[in-house]
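Here's the letter readout for the chains.
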Amino acid sequence: MARKRSRQNIEDIAEAAIACFIETGYRRTQMSDVARRLGIAAGTLYLYVTSKEALLHLAALQIAEQLPKSDEVPVSFSSMAETAAVLSTAIGEGAHWPVLKAAVTGGAKPDEKLCRDIGDEIYDLLTRARRLVWLLDGCARDIPEMEKIRSDAMRGRYLADLLTLLRRGADRTDWPDERIFIAARGAIELMAWSAMHRHRDPSPLPRLPEEDIRRIAAGAFAAALLSTQQP
């Protein structure tokens, strides 16, 4: 890599950092790991970022499509709160589930078609956001601000809407609320594996067209949700 601070170099470093943080987590990732992935000297990274914390901030900016210009490097680090804010904004811009929102606000009760449509919607949402989610997963254990985003912004709001819909369909008064929560959380995890985590699964997987996987996942998602309406 040339020492000139080109935009391509900045993007290459950001992408290498994202890959390392996802694969090995924040604490275990070192500047030398990113440099090795790029085939450059570790000292070259300091032309672009001032520290490992700044490297994470650069990764967050790349995920949020806010990559700095060549005259804006080296990127410095202010606080983890600032880095978390970049990712929170990216989540807010992409976290839309109009089908589920319309069902909740419109007073709908869950049926198979609605649940499948919601499944398609979350599959597409998670597909778009998978690198952001993986980055949070890689850093959450070591960085409390990232764990808060993962638990609140990513899971909390969607799960709350889904629970509202399912409780509306649960006409039996003797159903424990825990049953509805488990069904909803399990359905979300099913979609998370189908849309995102299967891409990182080391075991051999059947080769199917993406649309077939989406359809199968949405059917399983609907079945999990509708189990809350069974005796």
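Residues numbered from 1 in each chain as written. Predicted model: local features only at pLDDT ≥ 70, side-chain atom pairs only at ≥ 80, totals over all residues. Heavy atoms only, no water.

J.: With reference to specific residues and values, describe the packing of aromatic side chains.
T.: Inspection of every chain in the model, using the stated rule, returns two aromatic pairs. Each ring, one from Phe 21 and one from Tyr 26, has its centre 5.6 Å from the other, and the planes form 25°; the classification is stacked. In this pair, the class of Phe 21 matches that of Tyr 26, namely buried. Above the plane of the ring of Tyr 26 lies Lys 52, whose end atom (NZ or CZ) is 4.5 Å from the centre. (Phe/Tyr/Trp six-rings, centres within 6.5 Å; stacked < 30°, edge-to-face > 60°. Buried < 20%, exposed > 50% of the residue type's maximum accessible area, 1.4 Å probe, protein only. Lys NZ or Arg CZ within 6 Å of the ring centre and 35° of its normal.)

J.: Pulling in residues and values, what's your account of the packing of helix 1 (residues 7-28) against helix 4 (residues 52-63)?
T.: Interhelical geometry of helix 1 versus helix 4 gives an angle of 110° and a closest axis separation of 8 Å. By the criterion of interaxial angle, the relationship of helix 1 to helix 4 is roughly perpendicular. From helix 1, Ile 10, Glu 11, Ile 13, Ala 14, Glu 15, Ala 17, Ile 18, Phe 21, Tyr 26 and Arg 27 reach across to helix 4, where they touch Lys 52, Glu 53, Leu 55, Leu 56, Leu 58, Ala 59, Gln 62 and Ile 63. In the contact of helix 1 with helix 4, the residues fall into twelve nonpolar, one polar and five charged. (Axes fitted to C-alpha atoms, helices over the stretch in contact; angles between N-to-C directions. Helix = DSSP H or I, 4+ residues; strand = E, 2+ residues; numbered from the N terminus. Parallel < 35°, antiparallel > 145°, perpendicular 65-115°, else oblique. Contact = heavy atoms within 4.5 Å. Nonpolar A, V, L, I, M, F, W, Y, C, P; charged D, E, K, R; others polar.)

J.: Please give an account of the environment of Glu 121 that cites residues and values.
T.: When you line up the elements, Glu 121 lands in helix 7 (residues 112-140). For Glu 121, a relative accessible area of 11% gives the class buried. Sequence separation between Glu 121 and Val 75 is 46 residues; the distance between their C-alpha atoms is 36 Å. Not counting chain neighbours up to four residues away, the residues in contact with Glu 121 comprise Trp 97, Pro 98, Val 99 and Leu 100. One polar contact links the side chain of Glu 121 to the main-chain amide nitrogen of Leu 100, over a distance of 3.2 Å. (Polar contact = N/O pair within 3.5 Å; in protein donor to acceptor, adjacent residues only side chain to side chain.)

J.: Summarise unusual backbone geometry; cite the residues concerned and give the values.
T.: Leaving glycine out, the prevailing phi sign among residues is negative, and the prevailing peptide bond configuration is trans. Between Val 73 and Pro 74 the backbone carries a cis peptide bond, its omega angle lying at 10°. Tracing the backbone shows Pro 74 in the loop between helix 4 and helix 5 (80-94).

J.: Outline the nonpolar core, listing residues and values.
T.: If you look at the biggest cluster of nonpolar residues, it comprises 78 residues, and the most contacted ones within it are Phe 21, Leu 56, Leu 87, Tyr 158, Leu 162 and Phe 221. If you tally residues by element for this core, the top one is helix 7, at 14 residues. Apart from residues no more than four positions distant in its own chain, Phe 221 is found in contact with Cys 115, Ile 118, Gly 119, Ile 122, Tyr 158, Leu 162, Ala 187, Ile 188, Leu 190 and Met 191. (Core = buried A, V, L, I, M, F, W, Y, C linked by side-chain atoms within 4.5 Å.)

J.: Residue-level account of the packing of helix 5 against helix 7, with values.
T.: Two elements in contact, helix 5 and helix 7, have axes separated by 11 Å at closest approach and are oriented at 165°. One element, helix 5, and the other, helix 7, form an angle in the roughly antiparallel class. Like other packed secondary-structure pairs, helix 5 and helix 7 cross with a definite hand, here left-handed. Contact residues: helix 5 offers Leu 87, Ala 90, Ile 91 and Gly 94, while helix 7 offers Leu 125, Arg 128, Leu 132, Leu 135 and Leu 136. Class assignment for the residues of the contact of helix 5 with helix 7 results in seven nonpolar, one polar and one charged. (Left-handed = near helix turned anticlockwise from the far one by under 90°.)

J.: So what's going on with the side chain of Asp 161? Which residues, and what values?
T.: Relative to the helices and strands, Asp 161 is located in helix 8 (residues 144-169). Here the side chain of Asp 161 touches Trp 97 through a polar contact of 2.9 Å, side chain to side chain.

J.: Explain the environment of Gln 62 to me, and be specific about the residues and the numbers.
T.: For Gln 62, the location among the structural elements is in helix 4. In this view, Gln 62 contacts Glu 11, Ala 14, Glu 15, Ile 18, Leu 67 and Arg 131; residues no more than four positions away in its chain are not counted. Only 2.7 Å separates the side chain of Gln 62 from the side chain of Glu 15, close enough to count as a polar contact.

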